[in-house]
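Architecture at a glance
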Amino acid sequence: MFDVPSEEASKSIPELARQADVQIVGPGAPLQSVITPEVKGSYDVVVALEMMLKGTDLKIGRTADGILTISVPGQKNVCIDRGESMTNKSSLTTTVSWFAMLFASLQCAVAQSNDSQSVETIVVTGVRASLQSAQDIKMKSSEIVDTIVAEDIGKLPDNNVIEALQHVTGVQVSRNAAEANQILIRGLPDVATVVSGREIFTSTGRFMTLQDVPAELLARVDVHKSSTASDLEGGIAGLIDVRLHRPFDFDGLQIAGSGRATWSNLADHIDPLASALISNRWQTGIGEIGVLLDVSYSKTHYKEEILDNYISSQSIEMASSPTACTYDASKKCAYIPLTEGAQSVLGRRERAAVDFSAQWRPNQNLEFYTDVFYTRYRNPNSVDFFVGLPWIGANPATATLFPGSNEVKTVEAGYYDLTSSQSFRSKTDTYQIAMGGTWTGDKLTVSSEVAYTDSTFKQTGYILDTHYYPGDPPAYKADFNYKGTGTPYMNVPLAAVTDPANMVMRQWYDQWSKQSGNEIDWRADATYEIAARGLKSVEFGVRYGNRFAQNRGDNTGGQDCDSNPAESSPVYAQQGARNLSAACASYRRVANGRDADGNIIWNTVPNGPAVTLNQYPGSYHITGGSMFDGKFGITKFMAPDPEYMFSHVGDLRQLFGLPATAPSDDLTQSFDDREISWAGYVKGNFDFDLGSMPVDGNIGIRLIDTSATQKAYTLVVTDHGATASTPVTTNRYSFDYSPAVSKKDNFDWLPSLNARIKVQDDFFVRIGLSKTVTRPTFAQLNPGLSLSASTATLLGSGSTGNPNLTPVQSKNADVTFEYYFGPSNNLTTSLFYRRVKGYIGSYNTEMVIGGITYQVSQPRNGSDGDIKGIEVGYQQFFDFLPGIWSGLGVQLNGTYVDGSFQNISKYSYNAVGIYEKGPFSLRVAYNWRSGFSEGAAPGGGQNPQTIYAKSQPWLDLSASYKATDRLTFTVDATNLLDSYFQDSFGKGDLAAIYPRDTRRFDGTVSLGLRYRL
């Protein structure tokens, strides 16, 4: 809807460009002599421009980069030569002008022979163009938004979406398996994700796993920190909109691609990445048609190294300890970790994605589109464990304590240890197809869309544990905080830990799961234009969603040879078969009647030799490389081979007395959820003067009615009683699967207000007030109870959902101050406050079922809490500096967050140095976040009971050289500081006494190229 007054063209045309959010360049002097007529109503931007210039000899064109141009006939215009005449051709409507703005800012040079009629434009490319476009979107947004814009087709500023987002003010990320995999906005992880404004999710999750979306497909990523009534509900922290390309974003034929080779230093592997885009648009007898295809493929080998201490739950007698032993008060005991170990995490990520989009514009008022999006993720991975048990065979005479504590710091130990390989193959496939259209009238605009989404996650995993005897104690020295580094040290004899004849098979886990979800959603939206000022327009709409989520899986418990079969365990029959198996021959238990309480008495009666890895050629491997470059004793160790486990899984199952086929599903791992939701909203857009200051914004409300049905199963263990005379063959316990069905309705109303006060043309104050909700995940609502018996390496565990959970609510207030002093220069400050009600956390409870103690986790709505803080950002290019120094630029931002929830870093900041001059571009990005609480420690007697992560720095670099207008060479490097992640049980002085994990991540170096034809 345009409202451009009649005035001199040098003023009216910039006003048209502002309202349409496009870039228009033209000659200065000729425009000053033209008075354009008033343009009021909904028009295509080119049609509006033609109306304004009717009767003049000025020509309208468009560059290959999407910039609209105005030129005088007979004068050479480089931009028009590169583009095509748009005088009689329909162009982009204002409904897609955001995309036009994106590419309009990339580059344009207009050369004319007459200096007095030179085109008034600035050439911007690469990083600078990206930041300029992002700033323009932020300035013109009706809510509080930060944006990352692709520097070029197929190039975000970083190598994946989450890595790029970590540099946005107020955003923090966490890493796992050598990749940033979790994002928090202002301390909260409950972030809604949409693709091009459309809901999308991964399997049974509420939102999409962002790292599954290849960065090469993206046009931009918007981070919404405040909400409007038209926004999709679901994220109390905010909303992230991943924007893909469409054919009408480009002017005519567009072909682009990129390729990159990446070397990972720990994995020591070179991997490929490739992407390609082709798009075109044509005028036909039925209107304008555009088609786009964008594809991407990448493969990455990765490695992560971990040294760890587990819960301090064991004790050794030690006379110098200040603490009496729990079993004998006359003796002194010191506490020692249950395990001290090492982990080598190896994996391969393969990501592929396809974005297909078709648009049809029969006339300037009507447009239809079809979008198809597919993303594929494959992640075979394994974790090799060395599990030291230093309390077994520990020599108290060699032990030392942490000063002022009862905790062992060093000891000579190592009589019995474990190694393990945990190997998984996971794959995710997500499909989405959407069809919709928009009709634009004089005052009314109506749009509608129907979409179908289907997402499936499958995982198969096998775990084989072995034990070995390092030698006569003491076999090695254990130091639980080596030289104050917060990292354990163990100088395990290499010969003992790499000999397959020493490795005795002990435990087997056989796991599979399948999660799937689908949704049909439909929406209809309308905008009615009312006036140029005051209440400008009203938006209203409705959305219907029909979501289904399903989970299937087997019992995740393991088969431990060196444990008594548990009669009250649901896998007792399997334990009995395991007890008689070849793998467990040396551990064999024989039932020898019952005791007075009716419990079976088990005696160990071996009936065969131990089964070791050397008896099965190819069943083992030695970890590659050198753990932490040998700084902490252990450098490598032997573990079962992941590939062997997958290729010989039937043989291994039978070795442990199980059928060769995959285990059947466990009903307690199953749930089926159906959720129907209706949402409606109304929003008024206003524009008025507050004294001399223009004020614009919106006010509205969104109403959501949700009805959900959850179906699952709960395991019921019934004790029928037994006495000493009850035969051991008589089943004392019975196991029943009781259907659990729950139904729940919720109604939420979400008001919102966003206002922008233009104190000056370059200084804005924004105010955002809103209420947001996040619904519990489907797994959290699962009413079933599942149990897994304890093994040598895992405590008895259980999990259950909570169908009585209520949505998390947040009442939000934001105030921002934004000063813009150039196309890509700004200084901003944001104050924010969140009042969170019913935040969902996971709580562990000890439950004794059939005489077995389980640590059962269950989600609950916790107490209310506040989050408040401040963000400060500064961005500038130093164009005023002389010569080559004028290419310098900087991005600085910092965030302070105060809140009582998990994963909140109180302080975080980014410092990004930029240099861009001529064909050369360089960007160095430093990120830092302070320590934070990770939540409760696992059960088993650990004290302190909270895990805290330490602060972590991160440094990346990217550079490019534009060899020609079509070809750019790139260099990227990540984790230049070789940063570690560390955490501990407790913080402050306790962190030195109870260190937990030290993790080392891959660093990468990439060489690549981008091309545009």
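Residues numbered from 1 in each chain as written. Predicted model: local features only at pLDDT ≥ 70, side-chain atom pairs only at ≥ 80, totals over all residues. Heavy atoms only, no water.

**Details of the pattern of salt bridges**
Where we set the bar: For salt bridges, the criterion is a side-chain nitrogen of Lys or Arg within 4 Å of an Asp or Glu carboxyl oxygen. Per the convention used, a helix needs a DSSP run of H or I reaching at least four residues, while a strand needs a run of E reaching at least two, with both numbered from the N terminus. Burial here depends on accessible area, computed with a 1.4 Å probe over protein chains only, as a share of the maximum for the residue type. Under 20% is buried, over 50% is exposed, and the range in between is partly exposed.
In this structure the tally under the stated criterion is 55 salt bridges. A salt bridge links Asp 814 to Arg 186; the shortest N-O distance between them is 2.5 Å. Of this pair, Asp 814 sits in strand β42 (residues 808–820) while Arg 186 is found in the loop between β11 (179–185) and β12 (191–195), placing the two residues 628 residues apart along the sequence. Considered together, Asp 814 and Arg 186 belong to a single accessibility category, that of buried residues. Salt bridges sharing partners connect three or more residues here, namely Lys 138, Asp 146, Arg 186, Lys 225, Asp 814, Arg 834 and Glu 871.

**Some points on the sheet that holds strand β27 (residues 476–479)**
Strands pair in a sheet through their backbones, by hydrogen bonds, and they do so in one of two ways: parallel or antiparallel. As a reminder of what qualifies: For two strands to be treated as a pair, DSSP must find at least two bridges joining them.
Reading across from one edge, β23-β24-β27-β28 is the order of the four strands in this open sheet, with antiparallel pairing throughout. Looking at strand neighbours, the two that pair on one side only are β23 (395–401) and β28 (489–490), the edges of this open sheet. Inspection of the sheet shows strand β24 (residues 408–413) paired to β27 by four bridges, in the antiparallel sense. Its bridge partner lying in β27, Thr 410 is registered against Asp 479.

**Quick look at the sheet that holds strand β9 (residues 145–149)**
Definition in use: Pairs of residues are marked as contacts when any of their non-hydrogen atoms sit within 4.5 Å. Every axis corresponds to a line fitted to the C-alpha atoms, with the helix fit spanning only the stretch in contact, and the corresponding angles, defined between N-to-C directions, vary from 0 to 180 degrees.
Ordered by their spatial adjacency, five strands build an open sheet running β9-β14-β15-β12-β13, and the pairing between neighbours is mixed. This sheet does not close on itself; its edge strands, each paired only once, are β9 and β13 (198–199). Here β12 runs beside β13; their pairing, made up of two bridges, is antiparallel. Bridge pairing links Val 194 to Glu 199 in β13. Contacts from helix α6 (residues 126–140) reach β9 and β14 (218–224), with the element oriented near 155 degrees to β9.

**Points about the packing of aromatic side chains**
The way to describe two aromatic rings as a pair is by their centre distance and the angle between their planes. Applicable threshold: Aromatic rings from Phe, Tyr and Trp, with only the six-membered ring used for Trp, were paired whenever their centres fell within 6.5 Å, and each pair was classed as stacked if the ring planes differed by under 30 degrees, edge-to-face if by over 60, and tilted otherwise. Throughout this description, the term charge over a ring refers to an Arg CZ or Lys NZ atom that lies within 6 Å of the ring centre and within 35 degrees of the ring normal.
This structure, assessed with the given rule, holds 24 aromatic pairs. Grouped by ring-pair contacts, the aromatic residues Tyr 482, Tyr 489, Phe 628, Phe 632 and Tyr 980 constitute a single cluster. Directly above the ring of Phe 764 sits Arg 756, whose terminal nitrogen or CZ lies 5.1 Å from the centroid. Just above the ring of Trp 749 sits the side chain of Lys 771; from NZ or CZ to the centre is 4.6 Å.

**Notes on the state of the cysteines**
How we decide: Note on disulfides: each one is a pair of cysteine sulfur atoms within 2.5 Å.
Counting across every chain of the model gives two disulfides. In this model, Cys 325 is linked to Cys 333 through a disulfide, with the two sulfur atoms separated by 1.9 Å. An S-S torsion of about 90 degrees defines the bridge between Cys 325 and Cys 333 as right-handed. Residue Cys 333 is classed as buried on the basis of its relative accessible area of 3%. There is a disulfide in this structure between Cys 561 and Cys 584, and the S-S distance comes to 1.9 Å. One disulfide, between Cys 561 and Cys 584, carries an S-S torsion of -65 degrees and so falls in the left-handed class. Linking Cys 561 in the loop between β31 (558–560) and α9 (572–579) with Cys 584 in the loop between α9 and β32 (589–594), this pair joins segments that are 23 residues apart in sequence. Here Cys 561 matches Cys 584 in class, with each residue buried.

**Digging into the environment of Arg 929**
Here Arg 929 is to be found in strand β49 (residues 920–929). Overall, the relative accessible area of 5% leaves Arg 929 in the buried class. Distance in space between the C-alpha atoms of Arg 929 and Asp 761 is 35 Å, their sequence separation being 168 residues. When neighbours within four sequence positions are excluded, Arg 929 is seen to be in contact with Gln 172, Val 173, Ser 174, Leu 184, Asn 903, Ser 905, Tyr 907, Ser 908, Ser 951 and Gln 952.

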